[in-house]
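Architecture at a glance
Given next are the chains, with one letter for each unit.
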Amino acid sequence: MGITIGGVRIDFAGELDDGFEKGFRSLFARRYLPDVTVTEGGEPGVVIERFKGNRFRVFGAVYDHLGRDEYKVESPVPSAYGNEAPIFFILQAAARAGAKTGRIFITDSVGVVTEEEKAVLFLGYPHTGKSTISALALSRGLSVLSTENTVVEAREGRLYIVGGTEVLVYDPGVERVYDLRITYDERTRSGYRIKDLVDDARRRELLNRGVEIERIIVLHAAFNCGEASFSEIRGRKVKKTLWYFSTALMKGLDYYEPMPLHVPMGEEITRNLRLFLETASRGYSGRMFEAFGNHRAIFEKVLF
């Protein structure tokens, strides 16, 4: 038995009698790991042999062995605030394995479904408005496909969202500033709201078939900004912008202790990344924009 993350099957071996595997299915882990499910059968893309220890480290890695990546790790059980490194490590491992099959893990991203059942993919560095856009979408009854990391496939000249994280964490200030009322499930230690979308059947149905991305928006939003303005992204800048967001996870730019792995990008990954970037450049020049201003103003102009 193993788990699937973003469509990538991951099997575990070694010392597992303390709930190590279960730690990747926690609420905290699912903030960052797309579509975590328990699975049986099929060939794994990743195999992790775990040894118990008081600190996290990866001390063995073999890539593309019999079509899979194999790692040896020493680690306590994954946990929020205590041992978060294994969660970001397994995200990196899943992103690499996914890229080999054409499933590109996009970091710092949220996907929102329009009323026409197309998707808008919002990208942004930390604290540029992604969670606020997601909260606005939920308050308006729109489906949110991904809340932090998004899985995208290229199909016949278009990009489709096929997976994504399902736990939204947002600043409670959103409710005050924009007068929103969202039923949330829990709070973080800092008081941030947590909304778990795991039971959203409509979201799952959409992801199972894939939702075509209509537009891509790079966010630069803040509460105290005025109206929205947009700057079109075309040609090489499409590729340059998306290169960061599509390679960051496998390159370990989502930092974890003691230091992320350096993983190779072989022929399959290079080919699939090229297809993703060329599809984006051809299909989304004129459909990709940088957005500046107030969250609600951006949201209204993009989605309504």
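Placed above this text is the structure.
First, a word on scope: everything that follows refers to the structure included in this document.

Thresholds, definitions, all that
- Residues numbered from 1 in each chain as written.
- Predicted model: local features only at pLDDT ≥ 70, side-chain atom pairs only at ≥ 80, totals over all residues.
- Heavy atoms only, no water.
- Pairing = 2+ DSSP bridges.
- Helix = DSSP H or I, 4+ residues; strand = E, 2+ residues; numbered from the N terminus.

So, about the pairing of strand E6 (residues 68–75). Bridge count between strand E4 (residues 46–52) and E6: 7 bridges; the pairing is parallel. Note that in E6 the partner of valine 47 across the bridge is glutamate 70. As paired elements, strand E5 (residues 57–65) and E6 share 6 bridges and run antiparallel to each other. Of the residues in E6, the one forming a bridge with alanine 61 is tyrosine 71. Hairpin connection, E5 to E6: the antiparallel pair is bridged by 2 residues, and leucine 66 has positive phi, about 55°.

A cis amide bond, omega -5°, links glutamate 257 with the succeeding residue proline 258. As for its placement among the helices and strands, proline 258 is situated in the loop between helix H6 (236–247) and helix H7 (267–284). Even without glycine at this site, glutamate 117 takes up a positive phi of about 65°. Mapping glutamate 117 onto the fold places it in the loop between strand E8 (109–113) and strand E9 (119–123). The phi angle at histidine 127 is positive, at roughly 70°, despite the residue not being glycine. Here histidine 127 lies in the loop between E9 and helix H3 (130–139).

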